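# Architecture and fold: a report
One-letter residues, chain by chain:
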Amino acid sequence: MKAFKYIFGLFVLILGLIGLSIGYTPDAKLHLIACDVGQGDGILAIYKDTQILIDGGPGDNILECLSKYVPFWDRDLELVVLTHPQLDHYGGLVEVFKRYNVDTFLATGLDSGASSYQALKNAVGGNGARVVNPKEGMVLRIGMIYLDILAPTQTLLSLEAPDSQTNVLGAYSSKKDPNDFSIVTILRLGEFEALLTGDIGPSEIPEILTGGKVRDLEYIKVPHHGSKNGLTHELLEASSPEIAIISVGKNSYGHPNQEILDMLKDKRVRVLRTDEEGDIEIVSDGLSFWTD
Amino acid sequence: MKYLFWGALLTLVFVRYFSSKPTYLDGQRLRVEGVVRQEPSRFSYYQKISLAGLKIYLPKFPEIYYGDKIVVEGTVQKGKLESAVLVLKEDQKGLFSGFRKRVVGFFQRSLPEPHAALVAGISLGAKGSLPKDFWDNLTKTGTAHVVVASGMNVSLVASFLIGILVLFLNRKKALILALSGIWIYTLISGFEAPIIRAAVMGSIAFSAQELGRVYSAWRALVLTGLILLIIVPGWLTDLGFILTFVATASILVFQRKVEKFVSFVPQLLRGDFSTTLAAQIGVSPILFVTFGQFNILSPVINVLVLWTVPVITILGIVGGVAGLVIPVLGRAVLYLSYPLTTWFIAVVRLFG
């Protein structure tokens, strides 16, 4: 008879589990979350049970962001993007690849000599994710979400990696700044378009703009944590965003730069910073968008 | 005669302790070689390792795990090894530490953070993967001891298991089964010193209690403690050793009394609650002083969360082991711990 109370306890736990699951009921909206990963980038896009992760920040903070917004039973990430191989963008991805099943890993073939990048390559290998090297003009569709690849541009790739292998990690190396190889994409659902820029800078931006895809967007992730070596007048003019996200933490580089902040202020763009707001969640139904 | 015996034993403990302490000179260049016997703490950019009585800070990669054999060079500076460089790292091929690593990996693939780290910490004492800010919350609330492989969990789980098993079996059989459970757990959790000594202390003390009187249980525990200290004198200042000893002693002395006292607690939780509360009586003053910041509310917070510890431990071990064979089954068991870890995390965040 006393044993009954332990069976009852089991039921209580199951009930609790069901109760907690209900909290995650998905809606048919895009949730675009700039995770507070400290000094680095980590952006999570969720539409129903589809998740896309763009960069993983320097450390393991990204895991907490994933737990907060992805239901606990969902261990599949449909797409992970690494904009370019620098620690403040991939550090947290090592653990992500160890813990989640990743369908596709979108990353440039640019190699990095850092030992931690080797750790990432091993983790990706162990995960079994399909590696795709992006280039300008590619369009990816994940569930209802589209990703238009604007960079690395054809020009850059034919100059820096003319005959390298494709769809592998670390296919080529370059003397150029890794930031210039950043993957730049437009993530869109219906009419809502978000420009995700990695650490792209003034030397590559003109080439990207000649593609003509950047016009009248809703959302921009300000390049390079608001560094002066990032956003330009031309890019801001062409994209004319309504909201600008700066993914930044405590740093010694002076990010975000005052000139960049002024530039955004002059254009009357609403600016949100992860070091001030924590995680920044934008919700869109494909027509309009709002902060949550 | 009796006093002479205890006195001689105590003297032997102290002699052994002071004659076996390693000493270092500041500024001394050292090459330290050894097997990592404590799970390294991982922070965003570095990891902290304790080896041969020294604190060593190394870059985050390559990651060093419990059981790895490492060689490190550096300069001694106030108990720390400054400008430490990792010369060599060998994964230990040992049956048990590899097993433990796989179980932790299964937790991490099955549960989100910090739930996975909490289950790993509570059930295996693997605190290495705890997110930094959650670790801060644990120390602030005085609950960090639950994720340290101190062996205190063993005392809680042993008592909890006996409590469940006597419902189905007679006392002797329940005791044997519970102790077998504890020793299997010792193997799974990596055959780590703190867990072994806790298992030794628990086995002897709880056997004495079930088979004899409280007084003989007490004596058995003290005797075991002293003998362990003669074998490994360094444990005298080992916090985990002290916690385990005090927790076991408190359970022996206070549990039955506390059980009557907490009659307001639903019967479902009363056994578990009284065990953890009894352990608390002895342990909380120590935690209060040692685990980071003073927190006036720490005893209250511990009362709120500690009852989940034996249950999370058992679900974690059963789920983790089952998961290596049949992942779906293991995951289902682990999910049962999710409401408990959610509660634990919510309480710790609220007060942290």
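The sections below set out a description of the structure shown in this document. Counting starts from 1 at the beginning of each chain's written sequence and moves along it residue by residue. Note on labels: chains are lettered from A, ligands numbered from 1, in written order. Reporting in this predicted model follows two pLDDT cut-offs: at least 70 for local features of residues, and 80 or more for side-chain atom pairs to be given and counted; totals over whole chains, interfaces and linings ignore these cut-offs and use all residues. Hydrogens and waters are ignored; side-chain quantities use all the structure's heavy atoms.

### Thoughts on the overall build of chain A
Helix and strand content of chain A: 10 helices and 15 strands. Computation of the radius of gyration draws on C-alpha atoms alone. For the globule rule, the value is 2.2 Å times the number of residues to the power 0.38. By the compact-globule yardstick of 19 Å for 292 residues, chain A fits well, its C-alpha radius of gyration being 20 Å. Reported as C-alpha extents along the three principal axes, the dimensions of chain A are approximately 75 × 45 × 35 Å. When accessible area is computed with a 1.4 Å probe and restricted to protein chains, residues below 20% of their type maximum are described as buried, those above 50% as exposed, and intermediate ones as partly exposed. Scored against the burial criterion, the 292 residues of chain A give a buried share of 58%. About 12,200 Å² of surface is accessible on chain A, with carbon and sulfur atoms providing 51% of the total. Note on charges: Lys and Arg go in the positive column, Asp and Glu in the negative column, and His and the chain ends are not counted at all. Each charge is placed at NZ for Lys, CZ for Arg, CG for Asp and CD for Glu. Charged side chains of chain A number 25 positive and 40 negative; the gap between the two group centres comes to 5 Å. Numbering of helices and strands starts at the N terminus; helices are DSSP runs of H or I of at least 4 residues and strands are runs of E of at least 2. Only the protein chains shown count as cover for residues, and all accessible areas are computed by the Shrake-Rupley method using a 1.4 Å probe.

### Quick word on unusual backbone geometry
Negative phi values dominate among residues other than glycine, just as trans dominates among peptide bonds. Residues and elements named next belong to chain A. In this structure, the amide linkage connecting A151 to the following residue, P152, adopts the cis form with an omega of 10°. Here P152 shows up in the loop between β8 (145-151) and α6 (154-160). P256 follows H255 through a cis peptide bond whose omega is -10°. In this fold, P256 is placed in the loop between β12 (243-246) and α9 (258-266). A positive phi angle, close to 55°, is found at R268, a residue other than glycine. Secondary-structure assignment places R268 in the loop between α9 and β13 (270-273). When its relative accessible area of 76% is taken as the criterion, R268 is described as exposed.

### Thoughts on the pattern of salt bridges
Oppositely charged side chains may form a pair once their charged atoms are brought near each other. Any Lys or Arg side-chain nitrogen located within 4 Å of an Asp or Glu carboxyl oxygen qualifies as a salt bridge. The final tally for this structure, using the stated rule, is 14 salt bridges over all chains. Measuring nitrogen to oxygen at the nearest pair gives 2.8 Å for the salt bridge that ties R188 of chain A to D148 of chain A. One end of the pair, R188 of chain A, is in strand β9 (residues 184-189); the other, D148 of chain A, is in strand β8, and 40 residues separate them in sequence. Its relative accessible area of 4% is what places D148 of chain A among the buried residues. What you see here is one network of salt bridges that share partners, running through E95, K98 and R99 of chain A together with E113 of chain B.

### Here's the deal with the interface of chain A and chain B
With 28 residues of chain A at the interface, the matching set in chain B holds 29 residues. Buried area: the accessible surface (1.4 Å probe) lost by two parts on joining, summed over both. Of all residues in chain A, L13, E64 and R99 of chain A give up the largest surface area on contact with chain B, accounting jointly for 23% of the area buried on that side. Applying the counting criterion to the chain A and chain B interface returns 2 salt bridges. Close ionic contact of R349 of chain B with E64 of chain A constitutes a salt bridge, the shortest N to O distance being 3.0 Å. Polar contacts, as used here, are pairs of N or O atoms within 3.5 Å; protein pairs need one atom able to donate a hydrogen and one able to accept it. Residues neighboring in sequence count only if both atoms are side-chain atoms. Counting the contacts that link chain A with chain B gives 6 residue pairs in polar contact (both at pLDDT 80 or more). Residue assignment for the side of chain A that touches chain B shows that the elements contributing at least two residues are α1 (4-22), α2 (61-69), α4 (93-99) and α5 (115-127) of chain A. With 10 residues, α1 of chain A is the single largest residue contributor to the side of chain A that touches chain B. When its residues are assigned to classes, the side of chain A that touches chain B shows 15 nonpolar, 5 polar and 8 charged. The contact definition used throughout considers only heavy atoms, calling two residues in contact when any of these lie within 4.5 Å. By the convention adopted, Pro, Cys, Tyr, Trp, Phe, Met, Ile, Leu, Val and Ala count as nonpolar, Lys, Arg, Asp and Glu as charged, and the other residues, Gly among them, as polar.

### Quick look at the sheet that holds β9 of chain A
Residue and element names in this part refer to chain A. Whether two strands pair depends on DSSP finding at least two bridges between them. An order of β7-β8-β9-β10-β11-β12-β13 is seen for the 7 strands of this open sheet, with the pairing classed as mixed. At either end of the open sheet lies a strand with only one pairing partner, and these are β7 (139-142) and β13. Ignoring strand direction, the axes of neighbouring strands in this sheet form an average angle of 20°. Both strand β10 (residues 192-196) and strand β11 (residues 219-221) contribute to a ladder of 3 bridges, which runs parallel. By the bridge assignment, L195 is partnered in β11 with I220. As a rule, the C-alpha atoms of each element are fitted with a line to give its axis, helices using only the stretch in contact, and angles between N-to-C directions run from 0 to 180 degrees.

### Some details on the packing of aromatic side chains
Two rings from Phe, Tyr or Trp (for Trp, the six-membered ring) form a pair when their centres are within 6.5 Å of each other. A pair whose planes differ by under 30 degrees is stacked, one over 60 is edge-to-face, and the rest are tilted. For the coordinates displayed, the defined rule picks out 9 aromatic pairs over all chains. Geometrically, the ring pair formed by F72 of chain A and Y338 of chain B is stacked, given 4.0 Å between the ring centres and 25° between the ring planes. Placement of the pair is F72 of chain A in the loop between α2 and β4 (76-82) and Y338 of chain B in helix α13 (residues 327-351), with the two residues belonging to separate chains. Overall, F72 of chain A belongs to the buried group, its relative accessible area being 3%. The class of Y338 of chain B is buried, set by a relative accessible area of 5%. With 5.5 Å between their ring centres and 70° between their planes, F5 of chain B and W6 of chain B make a pair best called edge-to-face. Since its relative accessible area comes to 41%, F5 of chain B is described here as partly exposed. We classify W6 of chain B as partly exposed; its relative accessible area is 22%.

### Section: the side chain of E193 of chain A
Residues and elements named next belong to chain A. Examined against the element boundaries, E193 turns out to sit in strand β10. Despite its burial, E193 pairs with no opposite charge; the closest candidate is R188, at 4.5 Å N-O. Residue contacts for E193: discarding those within four places in its chain leaves I186, L187, R188, R215, D216, L217, E218 and Y219.

### Overview of the state of the cysteines
All names here are of chain A. Sulfur atoms of two cysteines make up a disulfide when they are within 2.5 Å. Enumeration over the complete set of coordinates arrives at 1 disulfide over all chains. There is a disulfide in this structure between C35 and C65, and the S-S distance comes to 2.0 Å. As the torsion about the S-S bond is roughly -70°, the C35-C65 disulfide counts as left-handed. Taken together, the residues C35 in the loop between β1 (30-34) and β2 (43-47) and C65 in helix α2 connect sequence positions 30 residues apart. You'll find C35 and C65 in the same group, each marked buried.

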